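# What the coordinates show
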Amino acid sequence: AKSAGADLKEGFEVTGATFDKEAGLWTVTAASGATVRGRVLVCADGATSQLATKLGYCTEAPRGVCSRAFVEGGTHNANFDGVCFYPKWSLPGYAALFKHPNDELNYCYYLIPCGKAGYCGDVTESDLAKLHNDAITKDPFISAALGPNAKLERMRAASLRLGSQGLTTSYDDHLLIIGDAAGHIDPLTGEGIHTAMMGGQAAADTLLDMRASGDYSKASTVAYQRRWMAKFGHDFHMSTTFAGLIYRYPIIMDAMASEVQRRGDAFMSKWAEIMTNMQPKTYFFRPDVAAQLGFAIVREVFEQKVLGKADKYQLKA
């Protein structure tokens, strides 16, 4: 960025921004009193976005939350690259273990807003630490993957603003709001890396167009919202619907897990593409896919309700 002409200001703690409509310029102020001016303000300050909140574009606090703790390489039992766990007591949330090239694990727990106001399924944000820590020793699958000698760092938590929750808009005159600040996090998975990359590209394309035309008004910045909506935003409503279905009917996830085991890596890869927004959720409605998943759910219902298939996902005492 610096080689391309960007002026990187490290330690510039932003405290506010004001817009001079007549001059068409933003003035951004730091805690030190220093200021910078520019044609366009891009709010990219995370899910809690103090700037978007102060400016009135963000009207409420994030409702989702996630944890993270790194596990030292060589101290765990994980023999896989990555696994997601869906305990029924925290649906539609989930836990995940992902391995880094140095054998270090990233252990996360996501709580996804769903159900009653202020709840993430049957739990709340305040339950995150207990869920995260209990899973280390009591979850039958997570505890087995970590093993008795795993060296974990202390849990850290971060807010999640999912599906543009609380945002009145992502654009205005001389203004763009991007990434987590704009709630560009999938309401089903809590993942925002891929969407942030696509949204960043949409913002960059819009900025280049505005620079060429010299028009930085809402008539031009609206192109940014149209772009990110076309790339991934249109999928947010579907994700919210699926999260509600998983919460109300946990047997859906049992059926999906069973189907992945039956069909192997190819099916798993396609599932991963959908869950990371590389494919839209409407992929589930393709006739060939919908028929397979529908049959898988019927089979799972039969196995559990008629044959008495055992529920192996129970917390240890």
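In this report, we go over the structure that sits alongside the text. This structure is a prediction, so every number in the text was calculated from the model and none was measured.

### Brief notes about the overall build of the protein
- In terms of helices and strands, the protein carries nine helices and 11 strands.
- Summarising its shape, the C-alpha atoms of the protein cover approximately 75 × 45 × 40 Å along the three principal directions.
- By residue count, 42% of the 317 residues in the protein fall in the buried class.
- A fraction of 64% describes how many contacts in the protein between residues 6 or more apart in sequence connect residues 24 or more apart.

### Focus on the packing of aromatic side chains
- Going through the model one piece at a time under the given rule, you end up with 10 aromatic pairs.
- With 5.4 Å between their ring centres and 85° between their planes, Phe242 and Phe284 make a pair best called edge-to-face. Within this pair, whereas Phe242 is found in helix α6 (residues 236-248), its partner Phe284 is found in the loop between α8 (265-275) and α9 (287-306), the two being separated by 42 residues in sequence.
- Of the residues examined, Phe284 reaches a relative accessible area of 12% and is grouped as buried.
- Taken together, the aromatic side chains of Tyr86, Tyr94 and Tyr110 make up a single cluster linked through ring pairs.
- In this structure, Lys116 packs its charged tip against the face of Tyr119, placed 4.5 Å from the ring centre.

### Here we look at the layout of surface pockets
- What the largest pocket holds in volume is close to 1,800 Å³.
- Along the walls of the largest pocket sit 49 residues, with Val83, Cys84, Phe85, Tyr86 and Ala257 positioned nearest its centre.
- With seven residues, the top contributor of residues to the lining of the largest pocket is helix α7 (residues 251-263).
- Looking at the lining of the largest pocket, its residues break down into 29 nonpolar, 11 polar and nine charged.

### Description of the pairing of strand β7 (residues 94-99)
- Taken together, the four bridges between strand β6 (residues 82-85) and β7 define a ladder with antiparallel strand orientation. Directly across from Gly82, in β7, lies its bridge partner Phe98.
- Pairing of β7 with strand β8 (residues 105-111) involves six bridges; the strand directions are antiparallel. Within β8, the position partnered with Lys99 by the bridge is Leu105.
- Here β7 hands over to β8 after five residues, with Asp103 in that stretch at a positive phi of 75°.

### Some details on the pattern of salt bridges
- Enumeration according to the criterion identifies 15 salt bridges in this entry.
- Of the charged contacts in the structure, one is a salt bridge between Asp186 and Lys281, with a shortest N-O distance of 3.0 Å. With a gap of 95 residues between them, Asp186 in the loop between β11 (175-177) and α4 (193-213) and Lys281 in the loop between α8 and α9 connect regions that are remote in the sequence.
- According to the relative accessible area criterion, Lys281 is buried, its value standing at 0%.
- A salt bridge links Arg263 to Glu259; its shortest N-O distance comes to 2.5 Å. Here Glu259 and Arg263 lie together in helix α7, a separation of four residues that amounts to about one turn.
- Exposure remark for Arg263: the relative accessible area of 42% places this residue in the partly exposed category.

What counts, and where the lines are drawn
Residues numbered from 1 in each chain as written. Predicted model: local features only at pLDDT ≥ 70, side-chain atom pairs only at ≥ 80, totals over all residues. Heavy atoms only, no water. Helix = DSSP H or I, 4+ residues; strand = E, 2+ residues; numbered from the N terminus. Buried < 20%, exposed > 50% of the residue type's maximum accessible area, 1.4 Å probe, protein only. Contact = heavy atoms within 4.5 Å. Phe/Tyr/Trp six-rings, centres within 6.5 Å; stacked < 30°, edge-to-face > 60°. Lys NZ or Arg CZ within 6 Å of the ring centre and 35° of its normal. 1 Å grid on protein atoms, 1.4 Å probe; cavity = no way out; pocket = protein on both sides within 12 Å on 5 of 7 lines; lining within 4 Å. Points joined across faces, edges and corners; volume = space filled by probe spheres on them. Nonpolar A, V, L, I, M, F, W, Y, C, P; charged D, E, K, R; others polar. Pairing = 2+ DSSP bridges. Salt bridge = Lys/Arg side-chain N within 4 Å of Asp/Glu carboxyl O.

So yeah, pure geometry; function would need other evidence.
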